[in-house]
Amino acid sequence: RKAQVKLATYYLSVGEVERARMIAAEFEHEAAGQLEKVIAELDKAQHPEFWEIIDRGQNFDYLPPNLHEQLVVFQEMSSSMQLEIKV
């Protein structure tokens, strides 16, 4: 799911809104709060490098600033889609 959200932020950053909407639609039947959990995990990754006892090098959850700012846009898009479906 994280990879899907990261891809959606890329699409939003290059103006491919419809592709991002398609990804948002994939979250329609997800358990309540799952999308928020994924976004929160991606949001808290502030450094591109990751270190632990065995250094794996890169933090897979990190989004560069231009994509990170699209997280809010994607979350709002997903929330509005869920509201439309429930109404």
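To keep things clear, this report deals only with the structure shown in the data block.

## Let's talk about the pattern of salt bridges
Here the structure, examined in full by the defined rule, presents 4 salt bridges. Between Glu41 and Lys2 there is a salt bridge; the shortest N-O distance is 2.8 Å. Pair noted here: Glu41 is in helix H3 (residues 34-44) and Lys2 is in helix H1 (residues 2-13), with a separation of 39 residues, a long-range link. With relative accessibility at 24%, the residue Glu41 sits in the partly exposed group.

## Description of the packing of H1 against H3
For the pair H1 and H3, interaxial distance at closest approach is 10 Å and the crossing angle is 70°. Considering their axes alone, H1 and H3 lie roughly perpendicular with respect to each other. Between H1 and H3, the contacting residues are Lys2, Val5 and Lys6 on the first element and Leu35, Val38, Ile39, Glu41 and Leu42 on the second. Across the contact of H1 with H3, the residue classes tally to 5 nonpolar, no polar and 3 charged.

## Overview of H3
Residue pairs three or four apart in sequence face the same way in an α-helix, which turns once every 3.6 residues. If you check which residues of H3 are buried, you get Leu35, Val38, Ile39 and Leu42. For H3, the angular spread of the buried residues around the axis is 95°, confining them to a single face.

Reading the values: rules and limits
Residues numbered from 1 in each chain as written. Predicted model: local features only at pLDDT ≥ 70, side-chain atom pairs only at ≥ 80, totals over all residues. Heavy atoms only, no water. Salt bridge = Lys/Arg side-chain N within 4 Å of Asp/Glu carboxyl O. Helix = DSSP H or I, 4+ residues; strand = E, 2+ residues; numbered from the N terminus. Buried < 20%, exposed > 50% of the residue type's maximum accessible area, 1.4 Å probe, protein only. Axes fitted to C-alpha atoms, helices over the stretch in contact; angles between N-to-C directions. Parallel < 35°, antiparallel > 145°, perpendicular 65-115°, else oblique. Contact = heavy atoms within 4.5 Å. Nonpolar A, V, L, I, M, F, W, Y, C, P; charged D, E, K, R; others polar. Arc of directions from axis to C-beta.

Honestly, it's all geometry; don't read function into it.
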